[in-house]
Amino acid sequence: MPRPNPYRALFAVPGARAFTAGNLMARLPMGMFSVSAVVMIAGTRGSYALAGAVTATGLAATALVAPWTARLVDRYGQARIAVPATLVAVLGSLALVVCVRRGAPDWTLFAAYAATATTPNTGGMSRARWNHLFRGDPAALHTANSFEQAADELCFMLGPVLAAFLCGTFFPEAGTLTGAVLLVTGTLVFAAQRATEPPPRPGTAAGPSPLRAPGIMPLLVCCLALGAVFGATEVVTIAFADTRGHAAAAGVVLALQAAGSCAAGLTFGTLRPMGPAARRHPWSVAAMTVLLTLPLLAAAVAGSLPLLAGALLVAGMATAPTMVTTMALVQERTPEGRLNEGMTLAVTGLLGGIACGSAAGGWITDHVSPAAGYGIPVLAAATALLISLAAVRRPVPHKPGQDRPDPAESRASH
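Residues numbered from 1 in each chain as written. Predicted model: local features only at pLDDT ≥ 70, side-chain atom pairs only at ≥ 80, totals over all residues. Heavy atoms only, no water.

Let's shift gears to the side chain of Glu341. Inspection of the secondary structure assignment puts Glu341 in helix H16 (residues 339–367). Assessed through its relative accessible area of 2%, Glu341 is described here as buried. At 3.1 Å, the side chain of Glu341 and the side chain of Arg338 are in polar contact. Those residues in contact with Glu341 that lie beyond four places of it in its chain are Pro67, Ala70, Arg71, Asp74, Ser209 and Pro210. (Helix = DSSP H or I, 4+ residues; strand = E, 2+ residues; numbered from the N terminus. Buried < 20%, exposed > 50% of the residue type's maximum accessible area, 1.4 Å probe, protein only. Polar contact = N/O pair within 3.5 Å; in protein donor to acceptor, adjacent residues only side chain to side chain. Contact = heavy atoms within 4.5 Å.)

Grouped together as the largest cluster of nonpolar side chains are 34 residues, with contacts concentrated most on Leu226, Met288, Leu292, Ala346 and Ala384. The biggest single contributor to this core is helix H10 (residues 216–243), with nine residues. Setting aside residues up to four positions removed in sequence, Ala346 forms contacts with Leu220, Cys223, Met327 and Val330. Counting 20 residues, the second-largest nonpolar core is a separate cluster that includes Ala37, Val90, Ala180 and Leu183. (Core = buried A, V, L, I, M, F, W, Y, C linked by side-chain atoms within 4.5 Å.)

The next thing to look at is the pattern of salt bridges. Within the structure shown, the criterion is met by eight salt bridges. Residues Glu148 and Arg27 are paired through a salt bridge, measuring 2.3 Å at the closest nitrogen-oxygen approach. Pair noted here: Glu148 is in helix H8 (residues 138–169) and Arg27 is in helix H2 (residues 16–27), with a separation of 121 residues, a long-range link. Under the relative-accessibility criterion, Arg27 is labelled buried at 5%. For Arg27, the salt bridge identified is with Asp152, shortest N-O distance 2.6 Å. With Arg27 in helix H2 and Asp152 in helix H8, this pair connects stretches of sequence that are 125 residues apart. By relative accessible area, which is 26% here, Asp152 ends up partly exposed. Among the charged side chains, a salt-bridge network with shared partners connects Arg27, Arg127, Glu148 and Asp152. (Salt bridge = Lys/Arg side-chain N within 4 Å of Asp/Glu carboxyl O.)

Structure below.
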């Protein structure tokens, strides 16, 4: 049932508005950089294949580097690590601009974009702050996690649109340069809010690696499957709109899906879910699986782009509750002092899934049809559901050095 003004209480905490503003500013470029790089490289080098390969390399580098960056954040503190890591990443973006403008060899583009992998997981750091501020208050933490998921979707909606506008209206490098300025400014504002920063945990004070924590590996595999949903949906939707002669509308259609998730996330934050997160997880993934059949039917049976847009809007409403519940489980099961690393591993799983889903969706689109490609998200969600039913929902015994779930969660008062 709804709770009165939960977001007002959330941002009444001293420093919460300031670190949230900085975090949103730093998080927006995450939806800008890849689109900006593709437009910039393809526009100057005339090769979408090269542009796609460069961005894929950056994604692979991020999957390798991000957990190490997060581990340093946990060990030495957010401000001490996030600022220099951001500066290194921005130097990589600026190097990419210079290499593209000066006609440098192709290999330099890969090297420059790979350097951006040091970009810290600002969303994970923000969630870690909420977890620090509301430890022992599961209802408030649920609202905070819901807000963060809505913020993710908002940045996903606005980032690519802003990047395309800047690159198309001004010059091809405008998106990358603007993203770099936003990232540095936002990170500095976020890092300056030291009162809300979780205390660093040196190696001797932190718990074991999240990868060895009970119940984490099934969650990471589940994140991999959920990422495949998002990656396949994006590629297939672009292809479907192109085959209908409305390629420019693909961004709007995908933005509607993100809008549905954003609205659902904000609404979900005002509710009191019944039961612990482990029990709710399979239900949320099941709802996602069912709703993802709507785009498949709209594309395969009706073949209508407007109908597909409506179906994606509805299907997107299951995304936020699923991701909020998944991240809540990650927080519960990550050992003490390793929260940034645990959540970054979950994001890494999502990124890996996005890459796999994009590849699978592209293959089905080329060899069968774009409409058939919408079967990939359904299959990926069903796989996530089986994982959740088989492993994720199992109770996890408490171990020394691991956060103990709040008793209120077990009493279903959350």
